[in-house]
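Below are the chains, spelled out letter by letter.
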Amino acid sequence: MPANHILGDCHTHLDQYAPAEMPGILERAREAGVGFAVCAGTTLESTRACVELSGRYGPLYAGVGIHPMEAHRLIDEETLEELKRLAMGNSKVVCVSEIGLDFLPTSPDHEVQFQVFREQIRLARHLKLPIIFHSRESHPEVFRILREERAGDVGGAMHYFQSDEATARAAIDCGFYISLARPLLRLPELQEVARSLPLEHIVLETDAAPQPFKKHRSNWTEPRHVTAVAQCLAEVKGITLDEVAAITTRNLTGLLGLEPLARPV
Ligand SMILES: [Zn+2]
């Protein structure tokens, strides 16, 4: 029986799955009530793959972007033009993603990351597309750049949120949604933060990508798992799954400029 709600997954890396997997992944998502998912690019090549997937499958949308962990050199005019070309005039390209900063010790040079992030925020503003961003060990710098580049004009979401309430409030103040993923299921302190945030500021995601380090294929994250995140959020807030679905899906379709989705009959 189809689910009685529609959920959206605002951040995945489905282009990393084998193409033959896609029909099954989408069927399992549909059965779980997950109506659409965004595939975020991490390199030019991955962005092209995401755009192609979004052209082939109705429920898939694409983000264009260079991931901070892939920011090995300053972004050049040619790369920006190619990202722009992939996005312009394509209604299935709905955001600039995955962009941001990552300050793990093994991450690329910070100055290079700053330039790549700034230029892609400018691209998003030019394209009038929201930004779904990555931030690891770099929240103050990310918020500073979002403000300096007036990223709030296009808005977006802070992807895979796992921080504290002050950080969530800072992201919301910058004009961004908080995107919750599977860590919500296992982190009591994150559940406390989620409880304190109005549903009107929350969207959901899985960050789905192949996880060969997990023994069982059935445990690899797919968009269908956004239902578990929604269920957990409903329990944390003491509301129904349908309420969580209605508000978070409205948030996400509004953000991405998609048609409001009707419930399946
Ligand atoms: Zn990601």
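Just above sits the structure.
What you see is a predicted model, and the numbers here were worked out from it, not measured in a lab.

Calculation rules
Residues numbered from 1 in each chain as written. Predicted model: local features only at pLDDT ≥ 70, side-chain atom pairs only at ≥ 80, totals over all residues. Heavy atoms only, no water. Disulfide = S-S within 2.5 Å. Donors = N, O, S within 2.8 Å, 3.2 Å for Na, K, Ca; no water. Tetrahedral: all angles 85-135°; square planar, octahedral: opposite > 155°, others 65-115°. Buried < 20%, exposed > 50% of the residue type's maximum accessible area, 1.4 Å probe, protein only. Phe/Tyr/Trp six-rings, centres within 6.5 Å; stacked < 30°, edge-to-face > 60°. Helix = DSSP H or I, 4+ residues; strand = E, 2+ residues; numbered from the N terminus. Lys NZ or Arg CZ within 6 Å of the ring centre and 35° of its normal. Salt bridge = Lys/Arg side-chain N within 4 Å of Asp/Glu carboxyl O. Contact = heavy atoms within 4.5 Å.

(A) A look at the state of the cysteines. A complete count under the given rule lists zero disulfides for this structure. Take Cys50: it sits in no disulfide, and the sulfur closest to it among the cysteines is that of Cys39, at 5.1 Å. The closest cysteine sulfur to the non-disulfide-bonded Cys174 is located on Cys10, 17 Å from its own sulfur.

(B) The arrangement of the coordination of the zinc ion in detail. Only His11 (NE2), His13 (NE2), Glu98 (OE) and Asp207 (OD) from the protein coordinate the zinc ion, and they sit 2.1 to 2.5 Å from it. Around the zinc ion sit four donor atoms, and with donor-metal-donor angles ranging over 84 to 171° the site reads as irregular. Of note, the donors binding the zinc ion are all from one chain and are spaced H-x1-H-x84-E-x108-D. Here His11 falls in the buried class, since its relative accessible area comes to 0%.

(C) The packing of aromatic side chains, seen in detail. Counted under the stated rule, the structure contains four aromatic pairs. Ring geometry for Tyr17 and Trp220: centres 6.2 Å apart, planes at 40°, overall tilted. Pair noted here: Tyr17 is in the loop between β1 (7-12) and α1 (22-31) and Trp220 is in the loop between β8 (202-204) and α9 (226-237), with a separation of 203 residues, a long-range link. Tyr17 sits in the buried class, given a relative accessible area of 3%. For the ring pair Phe36 and Tyr61, a centre distance of 6.3 Å and an interplane angle of 90° mean the geometry is edge-to-face. Of this pair, Phe36 sits in strand β2 (residues 34-40) while Tyr61 sits in strand β3 (residues 60-64); the two residues are 25 residues apart in sequence, bridging distant segments of the chain. Of the two residues examined, Phe36 and Tyr61, each falls in the buried class. Between the NZ or CZ atom of Lys92 and the centre of the ring of Tyr61, over which it lies, the distance is 4.8 Å.

(D) The arrangement of the pattern of salt bridges in detail. In the structure shown here, the tally under the stated rule is 18 salt bridges. Of the charged contacts in the structure, one is a salt bridge between Glu27 and Arg30, with a shortest N-O distance of 3.2 Å. One end of the pair is Glu27 and the other is Arg30, both in helix α1 and three residues apart, which spans about a single turn.

(E) Main features of the environment of Val116. On the secondary structure map, Val116 appears in helix α4 (residues 110-127). Along the primary structure Val116 and Leu101 are separated by 15 residues, whereas in three dimensions their C-alpha atoms are 9.1 Å apart. Val116 has contacts with Ile66, Ala71, Arg73, Leu74 and Ile75, leaving out every residue within four places of it along the chain.

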